[in-house]
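Chain and residue survey
Below, each chain spelled out in residue letters.
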Amino acid sequence: MAYTPMIEQYLEIKKQNKDCILFFRLGDFYEMFFDDAILASRELEIVLTQRDCGNNEKCPMCGVPYHVSELYINKLVSKGYKVAICEQLEDPKLAKGLVKRDIIKIYTPATIIDNANNENGDNNYLMCLSRKDKEIVLSYIDISTGILMYTNFKTDDYYKIIENEISDISPVEILFVEDEFEEDKLKVIANKFNIVLSQIENFDGDREDYLKSKIDFTSKNNLESQNLSNIMHYIYRYEDNELKHINKVLKYFINEYMEIDANSIVNLEIQKNLYTNSKKGSLFGVLDYTKTAMGSRLLHKYLERPLMDKEKIVKRQNYVEAIYSDYELLVNLETLLDGVYDLDRILAKLSYNNANAKDLVALKYSIEKIPQIKLLISKSENKLSDLNSNLDDLKDIYDLINQAIVDDPPTAITEGNIIKENFSKDLDNLRYNKVSGKKELVEYEQAEKERLGIKNLKIVFNKKLGYFIDVTKSNLDKVGDDYEKKQTLTNSSRYKTSKLIQIESKIFDSEDEIYDLEYQIFEDIRKNILDNIDRIQKTSEILAKLDVFTSLAKCAYNNNYVKPQINNIGILEVKNSRHPIVELSVGRENYVKNDISIGTGKDNIQIITGPNMSGKSTYLRQTALINILAQIGSFVPADFANIAIVDKIFTRIGSSDNLFRGESTFMVEMKEMSNILRYATKDSLLVLDEIGRGTSTYDGLSLAWAIVEYISKNIKAKTLFATHYHELIDLEDKLDNVVNLKIEIEEDRGQLLFLRKISRGYTDKSYGIEVAELAGLPKSLVNRAKNILKSIDVDSNKKEILPIEYFVAEESLDHNVNEDLYNYLDYVKSIDINSITPIEAMTSLDEIISEIKRLSE
């Protein structure tokens, strides 16, 4: 098909950007065509139209006005799409033939700065992966905050480590080179976490010179240099500005932080609630009392990487304690921090040349809080003294903005009215000329009224005509020869005079010069601020820390947490522990507290038995969460806690499958167990719930038994192992590091009462049928199950299960029985045998027999 030249141009540019929605500039609109138009019209909820594309054929088309395009770009990018901006590179009026167009910018989920859909100021990470043989380099950056992090590691199972890092970091976009990875395996991981994959080519220039020019980085490791060159080149693809806020490169080592594998992050609901996918109902949601976007991001980071260094943990604890123990300090810090804007994002906007005067005012108001914060923390008995001494008050930056920028500036920075009077003599002179010109205008208007005798003559401004003299129809015969008519209206005519043009030029020239000079002054201020970017970033970091420590102190204060002791000897001892998330849901007064004691060597593996719904999983999770809280420097929900530093936390909780990959629930369970057994160490914490339940009873029991033995003999990690396989309780007598725990229950006349209390010992019954009855299964079904259970003798196999006809008969009875029978049964149940006399008992028995006979007729 022969397309029009413009459509041919569109298709050629689109071919080079297949993975992007192409915003193609046509006049005042960005247009989309073909599949892009169909997709964009659906996602943006805009009208889908058609356009002639050649040979009288129509192609789908939709568009958005270019001046509001950012709103639509943000919406598409927030949904995971990439948007390529194809701009006109020449004035259409001057173009000879088809207007030249090309890509000037590509927006991706990780390369958008001011995303209106990111109201919480969450990190927006771009990740880059590089591989050579078994060596992996992984880097990531939020370009709106500027710190570039990277690590490297060598392993056979690198996809698993990559998945764990992705789960920790939560990037929105991942860069990779096709030849270095199996795309299908990366796609599985990306789909699991809803991440955009972007395929790139390795940067082929001089990596050392390139990196030095951007971030002052050198490395003897070629793969590190390649990876960082790749990610920086991707960021700078269409960027001419020097991104001064991207100036720090920090290497981290995976083994310096507690490792929480991807499944455990989800199972423990550390960052998001498992069911709502929101922060409410998550550990982050419990802890988050932060007042600044920087603090919120830092709290996320703390939860991503709990510490392993005791000294660093204790240092954080001391900061939290200093604020926790002084409630007045806590409240005042919260109040002051609540007025601090997102300094990191303001700096990024300045660096990208996207900031306006309102951003500078926000920076000023934030800096204004710092002297008060410094004064507050200076009174904290030296526990916060190092933060205070390193907190720059940025007075010079404050003074500059305060003296220069008006308090309520307009959004635009090219139309004046942003610089205060008395800041620039040149600007004041220009403004004087403008004012004097307008004064002349008023004087000229009055003079013309008097000269011509036209009382209603007036000088009016119009964007097209500029200043003109408006004379009503009845006075047209009075105008002088020097009046040049410019426009005739129904009731009046508009004129220009040489004198008016002279005054107008004076005003306009002054205005243009004012706009240019104000913009230049603004740019000078921007440059001055960026020259001090290191100072502001350091201040932002300290404010973020203060915000997090205040948040943790507030959480501890509100929820009655205790400062834990930290040890390196493997002991985990907690008195009256609580689950930090669940207790807020049920109310602290209703929550049943439990002691935790593990790690002496003799009790490293704890077999926990008890019915479903009795609290086993809650106990398992709260143990892991308390360890995480302690290692980020937080207080913990307990009356006393002595917490051992653990290197890794693994959980296997709940059932799930992966049908997309053809994996059953049991296969997923066994793969996760394989990962745990492969990577766990003696310093790890394993939280395992109902291992082996996804297959036949004997297979599952055998696997569970063997897994406990393997952990006991080969790993020796602290392990909580909840199970319904009661046979496993025998392991306490067979292995020297296994003990039995149980969930206490009370059974009264067949009714279960869950006490949710952990104690030594075991439960030799699952109470599954009783739990099913509590859940509301039909009575006939429950009775049938009870009879089947009675008829089974696993050891001797002497009894047989009763035939199904018994179940059918009972089911029929259940649905057709006279309602009177149910009512009478309730009466019988209400009789208290222990409180009636023998005569009353005989009378009641006679009544029961008579009624049964009546109902059976």
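The structure reproduced in this document is the subject of the present report. Treat the numbers as computed from the prediction; the structure is a model and nothing was measured. (Residues numbered from 1 in each chain as written. Predicted model: local features only at pLDDT ≥ 70, side-chain atom pairs only at ≥ 80, totals over all residues. Heavy atoms only, no water.)

Side note on helix α1 (residues 5-15)
Of the positions making up α1, those classed as buried are Met6, Ile7, Gln9, Tyr10, Ile13 and Lys14. Along the long axis of α1, the arc covered by the buried residues comes to 155°, so they all point the same way. (Buried < 20%, exposed > 50% of the residue type's maximum accessible area, 1.4 Å probe, protein only. Helix = DSSP H or I, 4+ residues; strand = E, 2+ residues; numbered from the N terminus. Arc of directions from axis to C-beta.)

Some thoughts on the packing of helix α18 (residues 425-452) against helix α19 (residues 498-531)
Angle between the axes and distance between the axes: these two values describe a pair of packed helices. Relative to each other, α18 and α19 sit at 155°, their axes nearing to 9 Å. Judged by the inter-axis angle, α18 sits roughly antiparallel to α19. The chirality of how α18 crosses α19 is left-handed. Mapping the contact onto sequence places Asp426, Leu427, Leu430, Arg431, Asn433, Lys434, Ser436, Gly437, Lys438, Glu440, Leu441 and Tyr444 in α18 and Lys499, Leu500, Ile503, Lys506, Ile507, Ser510, Glu511, Glu513, Ile514, Leu517, Glu518 and Ile521 in α19. For the contact of α18 with α19, the per-class residue count stands at 10 nonpolar, four polar and 10 charged. (Axes fitted to C-alpha atoms, helices over the stretch in contact; angles between N-to-C directions. Parallel < 35°, antiparallel > 145°, perpendicular 65-115°, else oblique. Left-handed = near helix turned anticlockwise from the far one by under 90°. Contact = heavy atoms within 4.5 Å. Nonpolar A, V, L, I, M, F, W, Y, C, P; charged D, E, K, R; others polar.)

Quick notes on the sheet that holds strand β18 (residues 565-567)
Each strand in a sheet pairs with another by means of backbone hydrogen bonds, the pair being arranged parallel or else antiparallel. Ordered in space as β18-β22-β19-β20, the four strands form an open sheet in which the pairing is mixed. Bordering the open sheet on either side are β18 and β20 (594-598), each of which pairs with just one other strand. Each adjacent strand pair in this sheet contributes to an overall mean axis angle of 20°, direction not counted. The pairing of β18 with strand β22 (residues 640-644) spans three bridges and is classified as parallel. Residue Ile566 lies in a different strand from β22, and its bridge partner there is Ile643. Set on the sheet, helix α22 (residues 616-631) makes contact with β18, β19 (572-577), β20 and β22; between it and β20 the angle comes to about 70°. (Pairing = 2+ DSSP bridges.)

Remarks on the sheet that holds strand β17 (residues 492-496)
Strand order in the open sheet made by the four strands is β14-β15-β17-β16, with antiparallel pairing throughout. Two strands close off the open sheet at either side, each with one partner strand: β14 (458-462) and β16 (484-488). The sheet shows a mean angle of 40° between the axes of neighbouring strands, direction not considered. Looking at chain direction, β16 and β17 are connected through four bridges and run antiparallel. Looking at the pairing, Glu484 lines up with Lys496 of β17. Lying over the sheet, α18 contacts β14 and β15 (466-472), oriented at roughly 140° with respect to β14. Across the face of the sheet, α19 comes into contact with β14, β15 and β17 while running at roughly 145° to β15.

Treat this as a map of the structure, not an account of what it does.
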